[in-house]
Amino acid sequence: MDKIEPSYYSILPAPVRYDKRLTPNAKILYAEITSLTNKLGFCYASNRYFEDLYKVSTQSINFWLQQLEKNGYINRIIYRDKGTKEILNRYITIFEKPIQENFNRPIQEILITNNKALNNKSNYYLKKKSSKKTNTINANPRKK
């Protein structure tokens, strides 16, 4: 396998930067993953690579990756050997915009904010306003 070379820069978008659910180290790991995805569109670095890079334990790397995945910033795809279930490859992809809604909820809960009463009230106001016609005087009437 080729030596992993991160790009010169990394990206830490505002949603990740200001997300209070993430630890500061998870945010730095996200930035590192973005620098590694620039070349191929995905990151194939192992946990060992990140451990050596940041001088931390496997548990720390796993915890940071879990935070990023749980909050919708990354997706991990793991390929295992069928017989031994040993990890053969792992690919990490990043999401430009994280998922903001939990779509595993019933549709009624998601659409609860579509309040018909408010919509009707504002439409009624517009209709009422447009129905009041005022007489306007044409300042430049055409001469016959």
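Further up the page is the structure itself.
Procedures and definitions
Residues numbered from 1 in each chain as written. Predicted model: local features only at pLDDT ≥ 70, side-chain atom pairs only at ≥ 80, totals over all residues. Heavy atoms only, no water. Pairing = 2+ DSSP bridges. Helix = DSSP H or I, 4+ residues; strand = E, 2+ residues; numbered from the N terminus. Core = buried A, V, L, I, M, F, W, Y, C linked by side-chain atoms within 4.5 Å. Buried < 20%, exposed > 50% of the residue type's maximum accessible area, 1.4 Å probe, protein only. Salt bridge = Lys/Arg side-chain N within 4 Å of Asp/Glu carboxyl O. Axes fitted to C-alpha atoms, helices over the stretch in contact; angles between N-to-C directions. Parallel < 35°, antiparallel > 145°, perpendicular 65-115°, else oblique. Left-handed = near helix turned anticlockwise from the far one by under 90°. Contact = heavy atoms within 4.5 Å. Nonpolar A, V, L, I, M, F, W, Y, C, P; charged D, E, K, R; others polar.

Draft legend 1. Just the pairing of strand E1 (residues 74-80), in detail. Relative to strand E2 (residues 87-94), E1 runs antiparallel, the two sharing seven bridges. Counterpart to Tyr-79 in the pairing with E2 is Asn-89. In this structure, the hairpin formed by E1 and E2 is closed by a connection of six residues, where Lys-85 is found at a positive phi of approximately 60 degrees.

Draft legend 2. Region of the structure containing the nonpolar core. Within the largest apolar cluster, 18 residues are counted, with the highest numbers of intra-cluster contacts made by Leu-29, Ile-33, Cys-43, Phe-50, Leu-65 and Leu-68. When contributions to this core are tallied by element, the ones reaching two or more residues are helix H2 (24-37), helix H3 (47-54) and helix H4 (58-70). Take this core: its biggest share by element is five residues, from H2.

Draft legend 3. Highlighting the pattern of salt bridges. Counted according to the given criterion, the structure contains three salt bridges. The shortest N-O distance in the salt bridge between Asp-19 and Arg-21 comes to 2.7 Å. A salt bridge links Glu-69 to Arg-76; its shortest N-O distance comes to 2.9 Å.

Draft legend 4. Inspection of the packing of H2 against H3 at higher detail. Closest axis-to-axis distance for the H2/H3 pair is 12 Å, and the angle between their directions is 120 degrees. Classified by the angle their axes make, H2 and H3 are oblique. Classified by chirality, the crossing of H3 by H2 is right-handed. Residue-level contacts link Ile-28, Leu-29, Glu-32, Ile-33 and Leu-36 of H2 to Tyr-49, Phe-50, Leu-53 and Tyr-54 of H3. Residues of the contact of H2 with H3, tallied by class, amount to eight nonpolar, no polar and one charged.

Geometric values such as these leave the question of function open.
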